[in-house]
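# A closer look at the structure
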Amino acid sequence: MEHELIGILDFGSQTTQLIARRVREAGVYCEILMPDVRPQDLRTRHLKGLILSGGPASVYARGAPRCDPRIFELNVPILGICYGMMLACRTLGSRITAAREREFGRASLRIADGTPLFDGVPRETVVWMSHGDKVETTSEEFEVLANTESCANAAVRHRARPLYGVLFHPEVAHTSHGALILRNFLFSICGCRGDWEMASVIESSVAQIRDAVGPSGRVLCALSGGVDSTVTATLVHRAVENRLTCVMVDNGLLRLDEARQVKDLLGGQMHLNLRIVDASALFLRKLRGVSDPERKRRIIGHAFIDVFTREARKVKGAQFLAQGTLYPDVIESRSAWGGPSAVIKTHHNVGGLPKKLKFKLIEPLRHLFKDEVRHMGRALGLPDTLVDRQPFPGPGLAVRCIGPLTRDRLDILRKADAIVREEIERADLHRRLWQYFAVLLPVSTVGVMGDARTYENVIAVRAVESTDGMTADWARLPEDALARIGSRLINEVKGVNRAVLDISSKPPATIEWE
Ligand code: XMP
């Protein structure tokens, strides 16, 4: 049976994905939808409610995103957040004007009695605001549920319809009872049961893959050894067993011992049919001496397609390609304002493959967030060491070896990277980190070893905290861990005489150096 669905209409807020996270955390399946989704397309789904997100526009601005007013006739509860509230109120007869004072950040919300939306929430509670407009006069049809110092209508309810609006953001952690308010909406108001749990998600994914592939279809999967491709492969393997062939391309840009570890775990313990293709000589030949980051990325992307295409042809009769595309990739490819956002880096993923190879795609993770994939990996019996692995970019160590690429420089970086990872994991710091790695810089500095002058390489240590890789802060690592890393890098990695710490956040820096 189809899962209960909460639809989130995205009006372009920075926190739309957070709304989806909170809803899923409550055990309710949700999808982020374009604001102009057609009501008739929602009628065919098991729709339990709608959330209208915030957004950067003013509802009265020209070109501001709107929704089809017939979604208010769908007869399911609706919660409008910030822009979503103003849009709902305006559509149903209230006046929206610019507020005299814009309200950003913390505010104290005073709640009136007796509304299920605020069940269990103290009468006075901290909420997070981010708006420049206000609902001027709620029409007779709306009842005011809460206010703040500067805003008389901070939460409203329609008198005749199951429609609620809040001007603050319940999805952000700074709103102290935000998760409870959202749960009240989902369970008390929409009547959700909370049927989104991993065992059933796995079961239905496996059934869908079996259906799509049929009784004799063959599937190919490009395996990187990362969480997404491994969980994808494991799911597909569960559905079609040995009709799945996994191909891992060793491009010579992997971390120390990485190909062997993947082989032992997936080929050995998990019994996946895995081919590791050593193409390192080809990649390194094409990359020799290349310094420009975008050129590196392009060369690696093209070489990957060539090698994979060649290998794919060897797998007789494979019509399907399994890919670990995640939900954020699906959402980010469209936006409420139309048009993609600026390209900062050309990301290399196996996404470029299918057009050329004419495969049918199997993307079992395309509705999951990264932490749900991890959760699924655990439920599938994958070890923590794999499930908790930090993300590793497709172009691998190439984008951490700043300046010209050579095998020798990559070897230095590989050893340095292993030390950084080992020390951080030994000190048990990795759980709170999104990524931690070494970067080899294209400069030499003077040092003194023994009594001799040295003129050698510099390693930068990069460790960041992040929840999704979109923004990140540099990690405040304890001094003793940093001291051990510094001393080991210089003592153990031949060719390195200096180590520095990267203290840049994203933005304005990016996580990777290239
Ligand atoms: P940046 O450097 O853009 O990275 O802040 C954000 C996240 O994306 C990863 N990353 C990549 N992942 N292919 C990938 O699959 C790539 O080309 C790529 N470049 C960066 C990066 O490691 C970080 O987690």
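Heads up: the structure comes first, above all this text.
Okay, so let's go over this structure. (Residues numbered from 1 in each chain as written. Predicted model: local features only at pLDDT ≥ 70, side-chain atom pairs only at ≥ 80, totals over all residues. Heavy atoms only, no water.)

### What about the nonpolar core?
Note the threshold: Nonpolar cores are built from buried Ala, Val, Leu, Ile, Met, Phe, Trp, Tyr and Cys residues. Side-chain atoms within 4.5 Å join them into one set. Each residue's exposure class comes from its accessible area (1.4 Å probe, protein chains only) as a fraction of the maximum for that residue type: buried when under 20%, exposed when over 50%, partly exposed otherwise. The way it works is that DSSP assigns letters per residue, a run of H or I at least four long becomes a helix, a run of E at least two long becomes a strand, and they are numbered from the N terminus. Each domain span listed reflects an automatic or database assignment of domains. Here a residue-residue contact requires only that any non-hydrogen atoms of the pair lie within 4.5 Å.
Ranked by size, the top nonpolar core spans 112 residues in total, and within it Ile-51, Phe-118 and Met-376 carry the most contacts. Counting residues per element, this core draws most heavily on helix 6 (residues 227-240), which supplies 7 residues. Summarising the domain contributions, this core has at least three residues from each of domain 1 (5-189) and domain 2 (201-387). Aside from chain neighbours lying at most four places away, what touches Ile-51 is Ile-6, Gly-7, Ile-8, Leu-9, Ile-19, Val-23, Leu-79, Ile-81, Leu-182 and Phe-185. Residues Val-249, Leu-287, Ala-398 and Ile-419 belong to the second largest nonpolar core, which totals 48 residues.

### Some details on the packing of helix 5 (residues 198-213) against helix 12 (residues 370-379)
Formally: Note on geometry: axes are C-alpha line fits, over the in-contact stretch for helices, and angles between N-to-C directions span 0 to 180 degrees. Each angle receives one of four descriptions, namely roughly parallel if under 35 degrees, roughly antiparallel if over 145, roughly perpendicular if within 65 to 115, and oblique otherwise. Ten residue types, Ala, Val, Leu, Ile, Met, Phe, Trp, Tyr, Cys and Pro, are classed as nonpolar, four, Asp, Glu, Lys and Arg, as charged, and the remainder, Gly among them, as polar.
Their axes nearest at 10 Å, the elements helix 5 and helix 12 cross at an angle of 85 degrees. One element, helix 5, and the other, helix 12, form an angle in the roughly perpendicular class. Packed against helix 5, whose contacting residues are Met-198, Val-201, Ile-202 and Ser-205, the element helix 12 presents Glu-372, His-375, Met-376 and Ala-379 at the interface. Of the residues belonging to the contact of helix 5 with helix 12, the class tally is 5 nonpolar, 2 polar and 1 charged.

### Comments concerning the packing of aromatic side chains
Our working rule: Put simply, two rings from Phe, Tyr or Trp (the six-membered ring, in Trp's case) pair if the centres are within 6.5 Å, and we call them stacked under 30 degrees between planes, edge-to-face over 60, tilted for the rest. For a ring to carry a charge above it, either NZ of a lysine or CZ of an arginine must fall within 6 Å of the ring centroid while also lying within 35 degrees of the normal to the ring plane.
If you walk through the whole model with that rule in mind, you get 4 aromatic pairs. For the ring pair Tyr-327 and Phe-369, a centre distance of 5.5 Å and an interplane angle of 80 degrees mean the geometry is edge-to-face. In this pair, Tyr-327 is assigned in helix 10 (residues 327-332) and Phe-369 in the loop between strand 14 (360-362) and helix 12, connecting sequence segments 42 residues apart. Accessibility classification places Tyr-327 together with Phe-369 in one group, the buried group. Seen from the ring of Trp-474, Arg-476 lies directly overhead, with NZ or CZ sitting 3.8 Å from the centre.

### Quick look at the sheet that holds strand 11 (residues 244-250)
We count it as follows: Strand pairing is assigned whenever DSSP identifies at least 2 bridges connecting the two strands.
Strand order in this open sheet of 5 strands is 12-11-10-13-14, and the pairing throughout is parallel. Among the strands making up the open sheet, the edge pair consists of strand 12 (274-278) and strand 14. Across the sheet, the mean angle separating the axes of adjacent strands is 30 degrees when strand polarity is ignored. Pairing of strand 10 (residues 218-222) with strand 11 involves 4 bridges; the strand directions are parallel. Residue pairing across strands places Ala-222 opposite Val-247, the latter belonging to strand 11. The sheet contacts of helix 7 (residues 258-269) involve strand 11 and strand 12, and relative to strand 12 the element is tilted by about 165 degrees. In the packing of helix 9 (residues 293-314) onto the sheet, contacts are made with strand 10, strand 11, strand 12 and strand 13 (318-322), and the angle to strand 10 comes to roughly 155 degrees.

Remember, this is a structural readout, not a statement about activity or role.
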